[in-house]
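Examination of the molecular architecture
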Amino acid sequence: MPKKIAPSFCFIGNHLALDFMNTKVVADGKLVDLLQTSDDVWNWLNQTDLLVDQPTDSETQWRAGSSLVEEAIELRTALHAILLQGMQGAEAAFEEVERVNRFLRSKVITTTLLQQGGQIFSVRHIEAQRPADLLLPVAEAAVDLLTKYDLRLVKKCENPQCVLHFYDNSKNSTRRWCSQKTCGNRMKVAAYLERRKRAENEETKNPG
């Protein structure tokens, strides 16, 4: 029996906030939350390059506790609710907006200019005081998406069994699938099989 491969994080959203929302996926027909532990949240942040410093003792402890994952799910739930309303052209509930604002009120990010090889660049540093502070860049990404992007171009994958969302920046806004290689191919195969089934049924009803 082939070994099942555990689902991994998906970075197909064309925006960090959507990639964060896409930490819930469908695998083997079941909805799977990829943020089961605080360590999962840490790993997601690390894969998005949002963790640029060596972890402090406190942050190491947060990885072992439950607070970080609870905060992440709180932020993801609020973002999902606000976004779905925005996609429909409706106002988001005040409570959901305030849930995001709670993360934004943290003032723990500092920016420093550095120079190397004649090039000037900036480095952001998070002086995290609590687990929620690590999620401030994600909350800022949510602000960017909700205020600077056309939410009508945020789409759910057209595979009814998929829950992933993406920002459609394709030519003429024609993107339909989270991935052409996965859901796109699956739906094309399903459509082909359905057409063949209908053709066979027609031949049965109307033999030559």
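Predicted model only: the values in this text are computed from it and were never measured.

Turning our attention to the overall build of the protein chain. Helix and strand counts for the protein chain come out as seven helices and six strands. Listing each helix as α and each strand as β along the protein chain from the N terminus yields α-β-β-α-α-α-α-β-β-α-β-β-α. For the protein chain, the proportion of its 208 residues judged to be buried stands at 34%. The long-range share in the protein chain, meaning contacts at least 24 apart out of those at least 6 apart in sequence, stands at 57%.

In this structure, F121 sits in strand β4 (residues 119-126). When residues no more than four places from it in sequence are discounted, the contact partners of F121 are T112, L113, L114, Q115 and Q116.

So, about the environment of A142. Mapped onto the elements of the fold, A142 is located in helix α6 (residues 136-148). For A142, a relative accessible area of 2% puts it in the buried group. Through-space distance from the C-alpha of A142 to that of L18 is 8.3 Å; in sequence the pair is 124 residues apart. Ignoring sequence-local partners within four residues, the contact set of A142 consists of A17 and L79.

With that settled, consider the pairing of strand β1 (residues 24-27). Of the two faces of β1, the one lined by V25 and A27 is fully buried and the one lined by K24 and V26 carries no buried residue. Pairing geometry for β1 and strand β2 (residues 30-33), over four bridges, is antiparallel. Residue pairing for β2: K24 is matched across the bridge by D33. The antiparallel hairpin formed by β1 and β2 contains two residues in its connecting segment, where D28 sits at a positive phi of about 55 degrees.

This part covers helix α2 (residues 38-47). Given 3.6 residues per turn, any residue in an α-helix points the same way as the ones three and four places further on. Listed in full, the buried residues belonging to α2 are S38, V41, W42, W44 and L45. Buried residues of α2, seen end-on, are gathered within an arc of 160 degrees and therefore sit on one face of the element. Just downstream of α2 lies D49, where phi reads positive at about 65 degrees.

What follows covers a nonpolar patch on the surface. A cluster of nonpolar side chains, V52, L114, F121 and V123, forms an exposed patch at the surface whose accessible area comes to about 300 Å². When you line up the elements, V123 lands in strand β4. The class of V123 is partly exposed, set by a relative accessible area of 30%.

Moving on to the packing of aromatic side chains. This structure, assessed with the given rule, holds three aromatic pairs. Centroid distance F11 to W44: 6.3 Å. Interplanar angle 25 degrees. Geometry classified as stacked. Residue F11 is found in the segment before α1 (16-21), and its partner W44 is found in helix α2; the two are separated by 33 residues along the sequence. Residue classification places W44 among the buried residues on the basis of a relative accessible area of 1%. A ring pair is formed by Y149 and Y167, whose centres lie 5.0 Å apart and whose planes are at 90 degrees; its orientation type is edge-to-face. Highlighted residues: Y149 in the loop between α6 and β5 (154-156) and Y167 in strand β6 (residues 165-167), separated in sequence by 18 residues. An aromatic cluster is built from F11, F20 and W44, whose rings are joined through pairwise contacts.

Reading the values: rules and limits
Residues numbered from 1 in each chain as written. Predicted model: local features only at pLDDT ≥ 70, side-chain atom pairs only at ≥ 80, totals over all residues. Heavy atoms only, no water. Helix = DSSP H or I, 4+ residues; strand = E, 2+ residues; numbered from the N terminus. Buried < 20%, exposed > 50% of the residue type's maximum accessible area, 1.4 Å probe, protein only. Contact = heavy atoms within 4.5 Å. Pairing = 2+ DSSP bridges. Arc of directions from axis to C-beta. Patch = residues over 30% accessible without salt bridge, like charges linked within 9 Å, V, L, I, M, F, W, Y side chains within 5 Å. Areas by Shrake-Rupley, 256 points an atom, 1.4 Å probe, with all protein chains shown as cover. Salt bridge = Lys/Arg side-chain N within 4 Å of Asp/Glu carboxyl O. Phe/Tyr/Trp six-rings, centres within 6.5 Å; stacked < 30°, edge-to-face > 60°.

Limitation: the analysis is restricted to geometry and does not speak to function.
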